[in-house]
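Descriptive structure summary
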Amino acid sequence: MRQRQESGAKSGTVPSSVVDLSPWHNLRYDIPAALVVALVAIPLCLGVALASGAPLMAGILAGIIGGIVVPLFSRSPLSVSGPAAGLTAVIVVAIQDLHGFTPFLAAVVIAGALQIGLAALRAGGIAYFFPSAVIEGMLAAIGIILIMKQFPYAVGFDLGQFGSQEFQSGPSENTFSGIFSALGHLEWGAFLVSLVCLGILLLWDAVPSLKRQTWFSGPLIAVLAGTFLNIFFHAFLPNLHLTSEQLVQLPLTHSIADLRQLFQFPDWSALGQEQVWIVGITIAIVASLESLLSIEAADKLDPFRRRTPLDGELYGQGIANVLSGLLGGLPVTAVIVRTSANITAGARTKAAAFLHGVFLLLAAVFLAGLLNQIPLAALATILIVVGFKLAHPRTFRHMYHLGWSQFLPFVITIVAVLFTDLLIGVGIGLVVGIFFVLRANYHSAIELQEEGKGRYCLRLKREVSFVNKARLARLLDSLPVDSILTFDGTQVSFIDHDVLEVIRSFEQSAALRRIEVREKGFDAPLLRAAV
């Protein structure tokens, strides 16, 4: 226990038993964080909807539903849910294949119902099978993506992909070329806004007295400063004033009729189409995996190191997707970008995620005109700082010091996520991680030692599976004639049938090589009894 507390102190975490973590006692932290996340979420929701080929309001609706509904059922203290960039490729193809957005909404309802079923089957535990190095690599990759993807917006170059995490930003732009294009189209007004916001964020992190502020966080002050600076440009330096394309663009509502037009409803007749069910199953699988991975990553970022019950998370995501599909929203998942921004802004409980959804709702109905004054450069700068914290150099140093078995899966996951997408990259990292696990087991499960002249001991450790079959056969073949071999099973808990076949075959041929075989540490004649 003492060792655990010391490691927590070194990593900057706080024992949760020391702090009252009830939502009502932490509103002074959660409300400012919720405001920041809502401001960041608005362009992200719109960007995901735009990239998905869906109505813009579908992204906002998904953000509202994910923010308000999921925290009511999930026990994750800090994760934030909404439309995810990782699903854009699936959504674009699905809307085209189903010939419209309303049949797609029926597929979203199916996906939510399937997620509820997965929760009932307790399928959330699948996230525990992803190695820590892969999760760390996923976080670092997202951090690098945030820095590269948001840099163009920080200097005033609009790629129309604010919410995208894809390597390819369009037919002629990718993540890297977008940076160089942005440098060639630098807008000094946006650049100055970014510098001011960056200075505020760095100052807030550097000065302890500012970090202890509860109702005013660095990101919130940065957004306000960037907005007022652009208003100043409009009044006194019109050449630096940002255009509407460089600001948040939230759809305006002027009447009850406008509000009604924000909603679309599923085409239930599409349930008879096989393709609708295929899309629903695909969304359920992809959204569930992305949510579980994001929750696992959020728990790693939580300064109080709380653990989230994953089955309850699937249940909350399922209910949110059913409602989102019924009202005309995009699929909902837990999203690590908004979650990271939430943690960076100082949130402590799930009240921040809930209030972020409430603020999105209020913004969509009442405050769209006011929020449309916020420069994208200010929000991009916040995300760049979030990205740097996720991909901090000390993370790379830490993973390197853990050894190649941790560092290589970490780096390969980063590269794979950068050049593909989140789920494919994590899948590649998982394969590499499993390879190193098997490699470690390959060398450590069986050990051959010479205990004297002509006397050998072959120790079987822990679990010996078919993975160890080739190494075992090679070691047995290497034994010299006229020797004595002892099979030591004092440390073994399981022996695979394939391994037993190799041992039985060796015992039958050992006499031909004048090798005497003995057994030690087996409670029963295990080597001979297995069929």
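For clarity, every value in this text was computed on a predicted model and none was experimentally measured. Here the residue numbering is sequential within each chain, running from 1 through the sequence in written order. Reporting of local features is limited, given that this is a predicted model, to residues whose pLDDT is at least 70; pairs of side-chain atoms are given and counted only at 80 or more, and all residues count toward the totals for whole chains, interfaces and linings. Neither water nor hydrogens contribute to the side-chain values; these are computed over all heavy atoms in the structure.

Some remarks on the sheet that holds strand β3 (residues 446-452)
Working definition: the strands of a sheet are paired by backbone hydrogen bonds and lie parallel or antiparallel to each other. Two strands pair if DSSP finds at least two bridges between them. Strands are runs of DSSP state E lasting at least two residues, helices are runs of H or I lasting at least four, and both sets are numbered from the N terminus onward. Read from one edge of the open sheet, 4 strands run β3-β4-β5-β6, paired in mixed fashion. Two strands bound the open sheet, and with one partner strand each, they are β3 and β6 (516-520). On average, each strand axis in the sheet is inclined to that of its neighbour by 20 degrees, with strand direction left out of account. Running at roughly 20 degrees to β3, helix α21 (residues 469-477) makes contact with β3, β4 (455-464) and β5 (484-495) of the sheet. In what follows, a contact means two residues having at least one pair of non-hydrogen atoms within 4.5 Å. The angle between two axes is taken between their N-to-C directions and runs from 0 to 180 degrees, where each axis is a line fitted to C-alpha atoms and a helix contributes only its stretch in contact. Together, β4, β5 and β6 form the strand contacts of helix α22 (residues 497-510), whose direction differs from that of β5 by roughly 165 degrees.

Considering the pattern of salt bridges
By salt bridge we mean one thing: a side-chain nitrogen of Lys or Arg within 4 Å of a carboxyl oxygen of Asp or Glu. Scanning the entire structure with this criterion turns up 9 salt bridges. Its salt-bridge partner being Arg-306, residue Asp-302 comes within 2.8 Å of it at the nearest N-O pair. Each of the two residues, Asp-302 as well as Arg-306, counts as buried. The salt bridge partner of Glu-451 is Arg-459, with a shortest N-O separation of 3.2 Å. When its relative accessible area of 48% is taken as the criterion, Glu-451 is described as partly exposed. Think of it in three bands: residues with accessible area under 20% of the maximum for their type are buried, residues over 50% are exposed, and the middle band is partly exposed, with areas taken using a 1.4 Å probe on protein chains only. Owing to a relative accessible area of 17%, Arg-459 belongs among the buried residues under this scheme. If you follow the salt bridges from partner to partner, you end up with Glu-451, Arg-459 and Asp-488 in one network.

Re the packing of helix α6 (residues 132-154) against helix α18 (residues 393-401)
Taken N-terminus to C-terminus, the directions of α6 and α18 make an angle of 155 degrees; their axes are 11 Å apart at the nearest point. It follows that α6 is roughly antiparallel to α18 by the angle criterion. Every pair of crossing elements has a handedness; the one defined by α6 and α18 is left-handed. Residues Ala-133, Glu-136, Ala-140 and Ile-144 of α6 form the contact with α18, whose own contacting residues are Thr-395, Phe-396 and Met-399. Tallied by class, the residues present in the contact of α6 with α18 amount to 5 nonpolar, 1 polar and 1 charged. The labels follow the angle: roughly parallel below 35 degrees, roughly antiparallel above 145, roughly perpendicular from 65 to 115, and oblique for the rest. Each crossing gets its hand from how the near helix is turned against the far one by less than a right angle, where anticlockwise is left-handed and clockwise is right-handed. Basically, the charged four are Asp, Glu, Lys and Arg, the nonpolar ten are Ala, Val, Leu, Ile, Met, Phe, Trp, Tyr, Cys and Pro, and anything else, Gly included, counts as polar.

A short note on the packing of α21 against α22
Pairs of packed helices are described in terms of their axes, by the angle between the two and the distance that separates them. α22 packs onto α21 with a crossing angle of 15 degrees between their chain directions and a minimal axis gap of 9 Å. For the element pair α21 / α22, the angle class is roughly parallel. As for how α21 packs across α22, the hand of that crossing is right-handed. Every residue of α22 that contacts α21 at Lys-469, Leu-472, Ala-473 and Leu-476 is listed here: Asp-498, Val-499, Val-502, Ile-503 and Phe-506. Looking at side-chain class alone, the contact of α21 with α22 contains 7 nonpolar, no polar and 2 charged residues.

A closer look at a nonpolar patch on the surface
A patch consists of residues whose relative accessible area exceeds 30% and which take part in no salt bridge; residues with like charges are grouped when within 9 Å of each other, and nonpolar side chains (Val, Leu, Ile, Met, Phe, Trp, Tyr) when within 5 Å. Surface exposure here means Shrake-Rupley accessible area, sampled with a 1.4 Å probe, where a residue is shielded only by the protein chains that are shown. On the surface, a nonpolar cluster with roughly 520 Å² of combined accessible area is contributed by Phe-263, Phe-265, Trp-268, Leu-323, Leu-326 and Leu-327. Assessed through its relative accessible area of 42%, Trp-268 is described here as partly exposed.

What to know about the confidence of the model for the protein
You can read pLDDT as the predictor saying how much it trusts each residue, on a scale of 0 to 100. Taken residue by residue, the protein gives an average pLDDT of 84. The fraction at 70 or more is 88%. Confidence over residues 1-11 falls short of pLDDT 50; this stretch has 2 contacts with residues more than four positions distant or in other chains. Per-residue pLDDT stays below 50 along residues 524-531; that stretch engages in 16 contacts with residues further than four places along the chain or on separate chains.

Structural notes on the nonpolar core
Grouping buried Ala, Val, Leu, Ile, Met, Phe, Trp, Tyr and Cys residues that are joined through side-chain atoms within 4.5 Å yields what is termed a nonpolar core. Among the nonpolar cores identified, the biggest contains 67 residues, and Ile-42, Ile-60, Ile-142 and Leu-250 are the most heavily contacted of them. In terms of residues, this core owes the most to one element, helix α17 (residues 376-390), which gives 11 residues. Within the second largest apolar cluster, 33 residues are counted, among which are Ala-85, Leu-98, Phe-101 and Val-276.

Thoughts on α21
Taken as a whole, α21 has its buried residues at Arg-471, Leu-472, Leu-475 and Leu-476. For α21, the angular spread of the buried residues around the axis is 130 degrees, confining them to a single face. In α21, those exposed residues whose orientation departs by more than 90 degrees from the buried face are Arg-474 and Asp-477. Summarising the geometry, the arc corresponds to the directions from the helix axis toward the C-beta atoms.

A look at unusual backbone geometry
Phi is positive for Arg-305, which is not a glycine, with a value near 55 degrees. Tracing the backbone through its elements, the reader meets Arg-305 in the loop between α12 (274-301) and α13 (310-327). In the Ramachandran plot, Asp-482 falls in the positive-phi region, its phi being about 60 degrees despite a non-glycine side chain. Examined against the element boundaries, Asp-482 turns out to sit in the loop between α21 and β5.

Here we look at the packing of aromatic side chains
Ring pairs are drawn from Phe, Tyr and Trp, using the six-membered ring of Trp, whenever the two centres fall within 6.5 Å, and their geometry is named by plane angle: stacked under 30 degrees, edge-to-face over 60, tilted for the rest. Going through the model one piece at a time under the given rule, you end up with 12 aromatic pairs. Seen from their ring centres, Phe-73 and Tyr-315 are 5.7 Å apart, and the 80 degrees between their planes marks the pair as edge-to-face. Highlighted residues: Phe-73 in helix α3 (residues 56-73) and Tyr-315 in helix α13, separated in sequence by 242 residues. Using a relative accessible area of 36% as the deciding quantity, one classes Phe-73 as partly exposed. You can call Tyr-315 partly exposed: its relative accessible area is 38%. Among the aromatic side chains, those forming a connected cluster through ring pairs are Phe-396, Tyr-400, Trp-404, Phe-407 and Phe-410.

Things to note about the pairing of β3
Bridge count between β3 and β4: 6 bridges; the pairing is antiparallel. The residue of β4 that forms the bridge with Glu-447 is Arg-459. If you look at the hairpin formed by β3 and β4, you'll find 2 residues sitting between the two strands, and Gly-454 has a positive phi there, around 80 degrees.

Observations concerning helix α4 (residues 88-97)
Of the residues making up α4, those classed as buried are Thr-88, Ile-91, Ala-94 and Ile-95. Around the axis of α4, the buried residues are gathered within 130 degrees of arc, so they sit on the same side. Of the surrounding secondary structure, the elements contacted by the buried residues of α4 are α2 (27-52), α5 (101-120) and α12. Following α4 by one or two positions, His-99 has its phi on the positive side, about 60 degrees.

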